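# Descriptive structure summary
Spelled out, the chains give:
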Amino acid sequence: MLLIRLLLWLYPSGFRAEYSDELTSLYRERRAATSGPFAVARLWGEAIADVLRVAGPLHVDVLRQDVRFAIRSVRRSPGFALTVVCVAGLGVGANTAAFTVLDTVLVRPLPYAESDALVRVWESPPGYSRVEASPATYRDWGVLAESFEAMAASTPVSANLVGRGDPVRLEGAAVTSSLMPMLGARPVVGRLFTESDDAESSPATLILGEAIWRNDFGADPGVIGSSVLLDGEPHVVIGVLPSTFRFPNRATTFWRPMRFPPWMYEDRDNNFLTVTARLRGDITLERARAEMTRIMASLESEYPDSYERTGATVNRLRDEVSSQSRLLLLALSGAALGVLLIACTNLANLLLARGLMRGRELAVRASLGAGRQRLLRQLLTESIGLALIGGALGVLAAGVSLPLLSRLVPASLPAGDTLALDGRVLIFALTITLLTGIGFGAVPAWRASRRINVTELRDGGRSGGLRHAGIRNVLVTVEVAASVALLITSGLLIRALVQLQSVDPGFNAEAVVTMRTWLPLPEYEETRRRGEFYERVLEEVTALPGVQSAAYSSFLPIAEGGGIWPVEIDGQLDAGEFPTASLRFVTPRWFETLEIPIVLGRDVRASDTFDQPFVAVVSESFARRHWPDRDPIGQTFTFAFFERSVVGVAGDVSMRGLERISEPQVWLPYLQAPDGGVPRYAPKDLAVRTRNDPLAIVPAIREIVRRADPRQPVSDVRLLEDIVAGDTAPRRVQLRLVGAFTAIAFLLAAIGLHGLLSFTASRRSHEIGVRLALGARRSSILRLVAHQAAVPAGAGILIGGFIGYAAGLAMHGLLAGIPPADAPTFAAAITLGLVMAVAGSLQPAVRAARIDPATVMREGGG
Amino acid sequence: MPPTDREIQALLPLPPAALHILLVLAESDRHGYGIIQDVEERTDGDLRLSAGTLYRSIQRMQDQSLIVESRRRPAAAEDDPRRRYYRITAFGQAVARAEVGRLARLVKIARASGVAPERA
C-alpha cells in the first residue's frame, strides 16, 4: 500500500486530495481478492502502468485550466503582462547573446574529429611560453615522443594564384601529410596528401578549399589533376576540402605539402612550425607535458646552444584562445547575468505587489475549494508563461544582434565566422527562461498562496503590507547592488579603452592607405629584381597628385607583430639575457610616410646596397637598452646574419598593438637583404600618405602595379587608421554590449525601485493619513518614506561597490593599467547609484507627504 | 431549467468509459469499485476500467455535471463510510440518451451500407 501512496504523488494535488482514499481502498480490495505471487505482481504492474498512463493527461488537464486562467488574468491587466514580458525578454536576450559567443569561442568542440585529444606543442625558451618549432626540433619530437599517436606541422603561407580570371592573393597553409588524417578531414572530391607529397622530388600538389573551388573554379570536379599557377609555379590540384574544414583558421583557402629540404634540418633556430598533435587514448595532458619536458632536457644536453633553458609547452587546442578574449567574454557574461538578476528581482517585486492586489481574488478561489498547491501551480504557470513569451522575444533580439556579436569571435579561431542560434543556444535560452519564470514567480506565488485567509475577504485587501517589507528590502538591495557593480565594471572598461586609445602608437595613421603586393618566389628571389619593382612603383605612386610620400616595409605595425631576432653585441653577452628586436626591411621614406620621427642620424637610402657597409636604423628603446650612455650612431651589432652599424635612431612603434609591450625595433635597408635569404621579410606592404582622401587614389595605384607586373595582385587594401582601430575593435564591441547591459540594468533597477516605493507608499496611505490626522508634520512623512528607500539602497551601493571591486580584480588583465579601485569610476558609479535611489524615491515620498488625511480616512472606511 | 440541446451536443461523442459509467449509474448508485466490477460484468470482461481511468473520468464527469456524489447511503450493515457513491444527474441521463441515439443512427447507416454487426 506504501507503493500505491507513493504512486499517487504523481497525480496533480487536487486529484490526489479528492480521490486518494478511494483509490487506496480500491487497490486494497483488489489486493484482497488476489492470491498467488504472479497475480499480485501483475496487479502491481497494472497499478504502476495505470498511474503512469493517467497522470500525464491529468496534468495536461490542469495545465490547460491554468493557461486559460493565466490568459484571463493577463487580459485583465495587459500593462502588467507587457512589462513582465519585456523585462524577462531583456534578461533572457542579454544572456542568450552572451552565451552564443561564449559557447562558440570557449566551449563548443573544434570542428575536428575527437578534437578533445588534439594539442598544440610549442618550444618555450626563457621569457616566452609559445614559440614555433624548427624543422629539426619537429623531426626529433616526432621520433622521441610516445605520448602522441600523430603529430603534424604547419605554417601559414600566402601565394598569388594566377589561373582563371584576375590574379588573386590567397591565404593558405603548408602542412605535413600527417595533418589532415589526424584532424579527420574528408575531401569533397579528390584525395588528401600522402607521404609521397612531402618528398621534395614529387611534383608540387595543392588542395583547394571549397569556397575557392566554387567561386574561382565553378565547382568543377574536373579541376582534380589539372595544373594551376601558384606564385608562378605549376601545382597539380589533388583534392578539395569542404568549407567546414578550417585549419589553422577560417581565412585559410588552400593547403600545400610542407617540404623540408635537407639543409632546413641544419638550423635548429629556424623556428616557424606550428606543431599540432593527437594524444594517445590513455595519455593525460600532464603525462604528455612531463614527457616533453624530459625530451627538451635531453635535446638541451645534446645541442646546448639551440635549446639553452628551453622547455616545451603543451596545450589543448581548444584552450589556445588568448586569455584576453577569454576575459572579455567572461566579463560580458557576468554583465549579462547581472542584467538577468536585476530583471528577476524586478519581476519578483512586481509580482509580490500584484500578489497583494490579488489577495482578494485568491482568497475567493481558496474559499471555493482550490488548495494551496493548486494556487501555487496556477500562479507559477502564469509567470512561466509570461517568461516564455519574453524569452522568445529575447532570443529574437539576440538573433538580430548576431552580426555585431560575430566580431567578438577571434579570427584565429577555426570556428565558423557566423554565429548561429542553434539547438544548444535554444536549449540554453529555454533553460534560462524557465529559471527566470520560476525565479521571479516562486517567492511571490509562495507568499501569495500562504497568506490567504478569510480576513482578506473582510478587510478589502489592505493587510499584509508590512509582512512583505523584509523581502522587498532585500530585493531593493539586490537591484541596487547589481546595478552599481555593473556600473563599476563598465566604468573600468570605458576608462581602459580611453587609456588605450590615448596610447601613442608611434606613428600617425591619418590619411595613410596601405596595400599588399606579395612578390612571388623564385621569380623575385633576387634582391635587385625586387628593388626594381619597388623603385618603379614608388616613383610612379609618389608622382600621383595628392600623394605626399610612399614606402614599402616587410610588415605593417599592429597588423603583424612578429619577426623577432636575437641581437648580439660584442662585450654585451650577459649570461641569462637574450636581447631581441623586431626586424623590418624598409625602403627610403618609410619613416616620413608613417611620420615616425627620426630623432638622430638618417633614414635608410637607396645607396645602402648589398656591396656597401651594412647599416641599420634602430628604435629609441633599442639605443637606450644597448648604449644607455653613449652616442648610438656608429655603434655596431650583429643581427640577422650580419654585423650592422647604426646610422639613425627613430621613435618607438607599437608593433604588437596598443595593448602589448613591443620589442625594440630594427629597420634595415631593403637592398641589404641577401638574395632569397629571408623571404618572409621581403617588403610587401605599401603605405601611401596622401593629402586628401586616401582611398580615392587606390585605382591609380592598382594601375601602376599592373603596369609594373601584370601578374601581380594587389590585396589587403586598408586604411592605416582602420588597422589601428581594429586593434581595439573587439574591446569596443564588448564595451558597447556591456554598456548596453549596464544601461538596461540601471533603467530596470530605477523603475523597480520607483515602482516598489510607490506601491509601499500607497499601501501605507491609510496609515499616513492617520498619522497626519493625528498631527504628524508633512516633512516627517517625507522622511519616513525616504528612509524606507535609503537603508536598502545604501546597503546595495555598499555591496555593489565590493562586487565591482572584485570584478575589477578578476578582469585586471583587461584594464590596461587602470587600478580595480579606480577612484573616478567608483565615484561615478556610486553617484549614479545614489541618483537612482533618490530619483526613485522622490516622487512617492512627495506624493505620500501630500496625502489629504480626510480623503484617505473616508476611503479607508469603505 | 432543462438542459438545452446545445449543451448536450457539446459533450458528444462521449468517451466509451464515460458512457459505460453512465449506463451503470442509470440503474442505481454505485461506488468506484462497484462501477469497475459492473462494467466488466456487462461487457463480458471486454472492458476493464483501470482505477486511474475511472477516477479521471469521474472527475471530468463531475465537472461536466453528468454525475454527482450521492448523499444517499446504503443500509448501515452494507455501508463502508470511506466509500463515495455516485449518482447520475438528469443531465447525465439526457446525455446518455443522446449518445445512445447517436450510436443507433450510426448502426442504421452501417446496415444500409451492408455492414451489419456480427450478432444482430
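Residues numbered from 1 in each chain as written. Chains lettered and ligands numbered in written order. Predicted model: local features only at pLDDT ≥ 70, side-chain atom pairs only at ≥ 80, totals over all residues.

### Things to note about unusual backbone geometry
Cut-off, in case you're wondering: Only runs of H or I of at least four residues qualify as helices and only runs of E of at least two qualify as strands under DSSP, and these elements are numbered from the N terminus. Partly exposed residues are those whose C-beta has more than 12 but fewer than 20 other C-beta atoms within 10 Å; 20 or more makes a residue buried and 12 or fewer makes it exposed, with C-beta atoms placed from the backbone.
Cis geometry marks the peptide bond from F247 of chain A to P248 of chain A; its omega dihedral reads -5°. Inspection of the secondary structure puts P248 of chain A in the loop between β7 (233-241) and β8 (254-257). Even without glycine at this site, E114 of chain A takes up a positive phi of about 40°. By the element assignment, E114 of chain A lies in the loop between α4 (78-107) and β1 (118-124). In this structure E114 of chain A comes out as partly exposed when scored by C-beta crowding, with 13 C-beta atoms within 10 Å. The backbone of S65 of chain B sits at a positive phi, close to 65°, despite the residue not being glycine.

### Describing the interface of chain B and chain A
Stated formally: Any residue pair is listed as a contact if its two C-beta atoms, each placed from the backbone, are within 7 Å.
Contacts between the two partners involve eleven residues from chain B, matched on the other side by 17 residues from chain A. Sorting the residues of the side of chain B that touches chain A by element identifies α3 (32-42) and α4 (51-63) of chain B as the ones contributing at least two each. The leading source of residues in the side of chain B that touches chain A is α4 of chain B, at six residues.

### Things to note about the nonpolar core
All names here are of chain A. We apply this condition: A set of buried residues qualifies as a nonpolar core if it consists of Ala, Val, Leu, Ile, Met, Phe, Trp, Tyr and Cys joined through C-beta atoms within 7 Å.
Judged by nonpolar contacts, the single largest core of 98 residues is most densely connected at A88, L332, V339, A343, L347, F741 and A745. Among the elements that make up this core, the one with the highest residue count is helix α10 (residues 323-357) (18 residues). Setting aside residues no more than four positions away along its own chain, A88 makes contact with A343, L347, L386, A387, G390, G391 and T436. The next biggest cluster of nonpolar side chains, apart from the first, holds 55 residues, and it includes F507, Y552, F637 and V688.

### Description of the packing of helix α2 (residues 16-27) of chain B against helix α5 (residues 90-112) of chain B
Between two packed helices, what matters for the description is the angle formed by their axes and the separation of those axes. Residues and elements named next belong to chain B. Using the following cut-off: Convention adopted: a line fitted to C-alpha atoms gives each axis, helices being fitted over their contacting stretch, and angles between N-to-C directions are expressed from 0 to 180 degrees. Angles below 35 degrees are treated as roughly parallel, those above 145 as roughly antiparallel, those between 65 and 115 as roughly perpendicular, and all remaining angles as oblique. Here a crossing is taken to be left-handed if its near helix is turned anticlockwise relative to the far helix by less than a right angle, and right-handed if that turn runs clockwise.
One can describe the packing of α2 onto α5 by two numbers: an axis separation of 10 Å at closest approach and a directional angle of 120°. Classified by the angle between their axes, α2 and α5 sit oblique to one another. Helix-helix and strand crossings are classified by hand; for α2 and α5 the assignment is left-handed. Packed against α2, whose contacting residues are L19, L22, L23 and A26, the element α5 presents G92, Q93, A96 and E99 at the interface.

### A look at the confidence of the model for chain A
Which entries qualify depends on this criterion: The predictor reports its confidence for every residue as pLDDT, a score running from 0 up to 100.
Taken as a whole, chain A shows an average pLDDT of 84; of its residues, 95% reach a score of 70 or greater. Of the regions scoring below 50 in pLDDT, residues 456-466 of chain A engages in 17 contacts with residues more than four places distant in sequence or in other chains.

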